[in-house]
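The residues making up each chain are set out below.
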Amino acid sequence: MPNSGEAKKISKLIEGDGSEIKEQLVLSGLLLLLFERFKDYIVDQMDFFYSDDFGIKNGNMYYVRGEKFKKIIDEQGRGNKGQHRDGVFRAALKQFHEFEAISQEELKRIESLASLRNDIGHELFGILVDDNKPIIKPEDVNFLSDIHLKACVS
């Protein structure tokens, strides 16, 4: 068994009834689903706003990305080292901030949750067992749900 406080997550998994791992798996799944829907919504709205044209593919209409949005992506899509690499999403998110649809604090929290989302997608096992990785909190899921709703009505 681990010594005084070491490997707390593993100890809880071994000694527990499974409720904590179940909660983390449920929260992980919800966060992934919400984040991807939010990301798609933000990008789609900016594609629509800056669109020059539309097309139809497999019976679905889509907006052709406008030159102005492409330029914004080139200028604002780069992140700091260690941030998620989705420059289109980052640029669209910054536009939502510039349009005052989300605050600076919300923007920072979304960037933080983007990193957590990437950890879930690539290192879920580590989140479940590594004491140095953050746990997923219900507040994270609630925030994403709330900010998505806010963006939809802005």
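See the structure above.
Residues numbered from 1 in each chain as written. Predicted model: local features only at pLDDT ≥ 70, side-chain atom pairs only at ≥ 80, totals over all residues. Heavy atoms only, no water.

K.L.:
Explain the overall build of the protein chain to me, please; I cannot follow it from the model alone.
P.N.:
When its secondary structure is counted, the protein chain shows six helices and two strands. Its helices and strands taken in sequence order, the protein chain reads α-α-β-β-α-α-α-α from the N to the C terminus. Computed over the C-alpha atoms, the radius of gyration of the protein chain is 19 Å, more than 25% above the 15 Å expected from 2.2 N^0.38 for a compact globule of 154 residues. Its C-alpha atoms put the protein chain at 60 × 35 × 25 Å along the principal axes. The burial tally for the protein chain puts 35% of its 154 residues in the buried class. The long-range share in the protein chain, meaning contacts at least 24 apart out of those at least 6 apart in sequence, stands at 58%. Taken as a whole, the protein chain presents about 9,800 Å² of accessible surface, with 52% of it coming from carbon and sulfur. (Helix = DSSP H or I, 4+ residues; strand = E, 2+ residues; numbered from the N terminus. Rg over C-alpha atoms; globule rule 2.2 N^0.38 Å. Buried < 20%, exposed > 50% of the residue type's maximum accessible area, 1.4 Å probe, protein only. Contact = heavy atoms within 4.5 Å. Areas by Shrake-Rupley, 256 points an atom, 1.4 Å probe, with all protein chains shown as cover.)

K.L.:
Would you explain the packing of aromatic side chains in this entry?
P.N.:
Tallied over the entire structure, the rule returns six aromatic pairs. Centroid distance F35 to F89: 5.5 Å. Interplanar angle 70°. Geometry classified as edge-to-face. Of this pair, F35 sits in helix α2 (residues 19-49) while F89 sits in helix α4 (residues 87-98), placing them 54 residues apart in sequence. Like F89, F35 is buried. Taking NZ or CZ as reference, R109 lies 4.5 Å from the ring centre of F143, over its face. (Phe/Tyr/Trp six-rings, centres within 6.5 Å; stacked < 30°, edge-to-face > 60°. Lys NZ or Arg CZ within 6 Å of the ring centre and 35° of its normal.)

K.L.:
Mind showing me how you'd approach the packing of α2 against helix α6 (residues 138-153) here?
P.N.:
The description of two packed helices rests on the angle between their axes and on the distance between the axes. α6 packs onto α2 with a crossing angle of 20° between their chain directions and a minimal axis gap of 9 Å. With respect to their mutual orientation, α2 and α6 come out roughly parallel. At the point where α2 passes α6, the crossing takes the left-handed sense. Here L27, L30, L31, L34, F35, R37, F38, Y41 and I42 of α2 lie close against α6, whose contacting residues are P138, D140, V141, L144, S145, I147, H148, A151 and C152. Among the residues forming the contact of α2 with α6, the class breakdown is 14 nonpolar, two polar and two charged. (Axes fitted to C-alpha atoms, helices over the stretch in contact; angles between N-to-C directions. Parallel < 35°, antiparallel > 145°, perpendicular 65-115°, else oblique. Left-handed = near helix turned anticlockwise from the far one by under 90°. Nonpolar A, V, L, I, M, F, W, Y, C, P; charged D, E, K, R; others polar.)

K.L.:
Help me understand the pattern of salt bridges in this model?
P.N.:
Side-chain pairing between opposite charges can occur once the charged atoms of the two side chains come close. In the structure shown here, the tally under the stated rule is 10 salt bridges. In this structure, E75 and K71 form a salt bridge, with 3.8 Å as the shortest nitrogen-oxygen distance. One end of the pair is E75 and the other is K71, both in helix α3 (residues 67-76) and four residues apart, which spans about a single turn. The shortest N-O distance in the salt bridge between E123 and K133 comes to 2.7 Å. Taken together, the residues E123 in helix α5 (residues 104-129) and K133 in the loop between α5 and α6 connect sequence positions 10 residues apart. (Salt bridge = Lys/Arg side-chain N within 4 Å of Asp/Glu carboxyl O.)

K.L.:
What exactly am I supposed to notice about the environment of K12 here?
P.N.:
Within the secondary structure layout, K12 lies in helix α1 (residues 8-15). When its relative accessible area of 48% is taken as the criterion, K12 is described as partly exposed.

K.L.:
How do you make sense of the side chain of H148 when you look at a structure like this?
P.N.:
Along the chain, H148 falls in helix α6. Beyond its immediate chain neighbours, meaning those up to four positions away, H148 contacts R37, F38 and Y41.

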